[in-house]
Amino acid sequence: MQKRTKKFAIASSLILLSAIVLSACGSTSTKTATSTAGTTTAAVKSDKIYIPVISKGFQHQFWQAVKQGAEKAAKEFNVEITFEGPETETQVDKQIEMLQAALGKKPAAIAFAALDSKAASPLLEKAKAGKIPIIGFDSGVDSDIPVTTAATDNKAAASLAADKMASLIGNEGEIALVVHDQTSRTGVDRRDGFVNQIKAKYPNIKIVDTQYSGDPLKATDLSKAIIQAHPNIKGIFGSNEGAAIGVINGITESKKDGKIVVIGFDSGKQQMDAIRSGKMAGAITQDPIGIGYWSVKAAVQAIKGETVPKNIDTGFHWYDKTNIDAADIKPLLYE
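The numbers attached to residues start from 1 for each chain and follow its sequence in the written order. A pLDDT threshold of at least 70 governs which residues receive local features in this predicted model, and a stricter bar of 80 or more applies before side-chain atom pairs are shown or counted, although totals over entire chains, interfaces and linings include all residues. Where side-chain values are given, they derive from all heavy atoms of the structure, hydrogens and water being excluded.

1. Considering unusual backbone geometry
- Even without being a glycine, Asn171 presents a positive backbone phi close to 65°.
- A run of H or I in DSSP counts as a helix once it spans at least four residues, and a run of E counts as a strand once it spans at least two, with each numbered from the N terminus. Note that Asn171 resides in the loop between α5 (154–168) and β8 (173–179).

2. Here we look at the pattern of salt bridges
- Just to be clear on terms, a salt bridge is a Lys or Arg side-chain nitrogen sitting within 4 Å of an Asp or Glu carboxyl oxygen. Tallied over the full model, the rule gives 13 salt bridges.
- The salt bridge partner of Lys67 is Glu71, with a shortest N-O separation of 2.7 Å. Taken together, the residues Lys67 and Glu71, both in helix α2 (residues 61–76) and four residues apart, mark about one turn of the helix.
- Relative accessibility thresholds used throughout: buried, under 20% of the residue-type maximum; exposed, over 50%; partly exposed, between the two (1.4 Å probe, protein chains only). Classification of Glu71 as partly exposed rests on a relative accessible area of 38%.

3. Structural notes on helix α4 (residues 117–129)
- An expected span of 1.5 Å times one less than the residue number is assigned to each helix. Taking 1.5 Å per residue as the helical rise, α4 with its 13 residues ought to reach 18 Å, and the 17 Å between its terminal C-alpha atoms agrees with that figure.
- For α4, the principal kink sits at Leu123 and spans about 35°.
- When we look at burial in α4, the residues that qualify are Ser117, Ala120, Leu123, Leu124 and Ala127.
- It only takes one pair of heavy atoms within 4.5 Å for two residues to be counted as in contact. Those residues of α4 hidden inside the fold are in contact with α3 (92–104), β5 (110–112) and β6 (134–137).
- Two residues or fewer past α4, Lys131 is found with a positive phi of approximately 55°. What we call the bend at a residue is the angle made by axes fitted to the seven residues finishing there and the seven residues starting there.

4. What about the pairing of strand β3 (residues 50–54)?
- The element β3 is extensively covered by neighbouring structure, given that five of its five residues are classed as buried.
- The side-chain alternation of β3 yields two buried faces, one formed by Tyr50, Pro52 and Ile54 and the other by Ile51 and Val53.
- Sheet analysis places β3 next to strand β4 (residues 80–84), joined by five bridges and oriented parallel. Bridge pairing in β4 links Pro52 to Thr82.
- Assignment of crossover handedness uses the view with strands pointing away from the viewer, where a clockwise path from the first strand over the helix to the second indicates a right-handed crossover. As for the winding sense of the linkage, the β-α-β connection from β3 through α2 to β4 is right-handed. The criterion for strand pairing is that DSSP finds at least two bridges linking the strands in question.

5. Overview of the confidence of the model for the protein chain
- pLDDT: the predictor's confidence for each residue, scored from 0 to 100. With 86% of its residues at a pLDDT of at least 70, the protein chain reaches an overall mean of 88.
- Ignoring residues within four places in sequence, the model shows residues 1–45, a span with pLDDT below 50, making 34 contacts including any to other chains.

6. A look at the nonpolar core
- Membership of the largest hydrophobic core comes to 29 residues, with the highest contact counts inside it found for Val53, Val79, Ile81, Phe137 and Val296.
- The set of elements that each furnish at least two residues to this core consists of β3, α2, β4, β6 and α10 (288–303).
- Once residues within four sequence positions are removed from consideration, Val296 is found in contact with Ile51, Val53, Ala70, Ala73, Ala74, Val79 and Ile81.
- Nonpolar core, defined: a set of buried Ala, Val, Leu, Ile, Met, Phe, Trp, Tyr and Cys residues in which side-chain atoms within 4.5 Å join the residues together. Core analysis: the second largest hydrophobic core is formed by 24 residues, Ile226, Ile236, Ala274 and Met280 among them.

7. Observations regarding the sheet that holds β3
- The strand order β4-β3-β5-β6-β7-β13 describes an open sheet built from six strands, whose pairing is parallel. In the strand order of this sheet, the two ends are held by β4 and β13 (311–313), each with one partner. On average, each strand axis in the sheet is inclined to that of its neighbour by 20°, with strand direction left out of account.
- With two bridges connecting them, β3 and β5 associate as parallel partners. Paired with Ile54 across the strands is Phe112, a residue of β5.
- Of the strands in this sheet, β3, β4, β5, β6, β7 (148–151) and β13 touch α10, which is tilted by about 165° from β6. To define axes, lines are fitted to C-alpha atoms, for helices over the stretch in contact only, and angles between the resulting N-to-C directions are given on a 0 to 180 degree scale.

8. A closer look at the packing of α2 against α10
- Put simply, α2 and α10 touch, their axes get as near as 6 Å, and they point 40° apart. Regarding the angle of α2 to α10, the classification is oblique. The two elements α2 and α10 cross, and the hand of that crossing is right-handed. Contact with α2, carried on its side by Phe62, Ala65, Val66, Gln68, Gly69, Ala70, Lys72, Ala73, Ala74 and Glu76, involves Pro288, Ile289, Ile291, Gly292, Tyr293, Val296 and Lys297 of α10 and no other residues of that element.
- Three categories are distinguished: nonpolar for Ala, Val, Leu, Ile, Met, Phe, Trp, Tyr, Cys and Pro, charged for Asp, Glu, Lys and Arg, and polar for the others, with Gly belonging to the last. Grouping the amino acids of the contact of α2 with α10 by side-chain chemistry returns eleven nonpolar, three polar and three charged. Angular relationships are summarised with four words: roughly parallel below 35 degrees, roughly antiparallel beyond 145, roughly perpendicular across 65 to 115, and oblique for the angles in between. Two helices crossing with the near one rotated counterclockwise from the far one by less than a right angle form a left-handed crossing, whereas a clockwise rotation gives a right-handed crossing.

See below:
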């Protein structure tokens with residue numbers, strides 16, 4: 001009986017030891033990456049530098065191209081990233097929640113494209129106090145806290161859009177703008193870059209209205225209202241993908257195709273199709289892959305204590321049906 005009891009005790013001990021070992025093996029520390037919908041997409045390994053990348057949204061293909069660039073840099077520099085953003089670019093509160101959650105994971109750095117810099121300010125101050133470098137990208141952050149900002153020179157890009165508009169309408173007439181928002185750096189800079197260029201160089205062009213929405217459906221309604229209020233309007237500028245698509249649709253629904261010059265910003269299939277068909281005169285393209293790549297690369301440089309320029313200009317180009325398939329333009333466009 002004693003031998004049987006002793007054997008049972010040994011077997012029980014071995015089972016218990018195995019359970020402890022297995023439990024320990026399964027307790028590797030991880031951080032959880034979430035998508036814009038809040039579902040788990042990946043686990044971030046604790047043995048790599050962790051950099052959350054928080055964008056302004058997911059609804060446009062532009063952000064997917066930025067994500068592609070960020071992932072390219074993450075692979076090149078052997079770091080772990082998460083890429084997330086709210087469903088739409090009007091959800092400031094949701095983006096702030098994402099920034100709060102990112103800070104709670106104690107990352108090595110954060111790449112952030114602010115929907116509303118003022119709303120984000122307290123959390124950015126918290127990051128600064130915790131010595132977590134902030135890298136601005138795309139719209140960046142209207143603050144001196146970011147180490148650098150990887151972005152298009154939006155004022156210069158919108159100025160070029162204004163020059164193209166002026167040329168296409170014969171340097172005179174009524175025009176309007178549909179701007180994607182009035183709180184982000186991109187919205188403000190594209191609006192001001194376009195408006196200031198028109199005012200400075202084209203005295204015979206009158207800006208009769210500026211409306212705000214980056215949502216294609218709302219931008220469609222705004223464009224129709226502009227056209228109804230100003231029947232002699234000659235051109236409308238849409239400051240991002242959603243705004244530009246809304247302008248195109250508003251003109252079509254108003255039965256004004258070919259009668260109003262449309263200039264857009266960014267890319268996307270609907271804008272590209274509109275340019276090929278002649279519904280849109282042309283647009284400004286950024287380099288979204290480059291924006292994503294540099295946001296992560298600059299974060300790695302900041303973490304290592306390397307010198308990073310205060311601004312990283314990722315470039316812009318004008319494209320229309322004459323060069324949409326050109327070798328230097330095609331890689332910058334996304335569908």
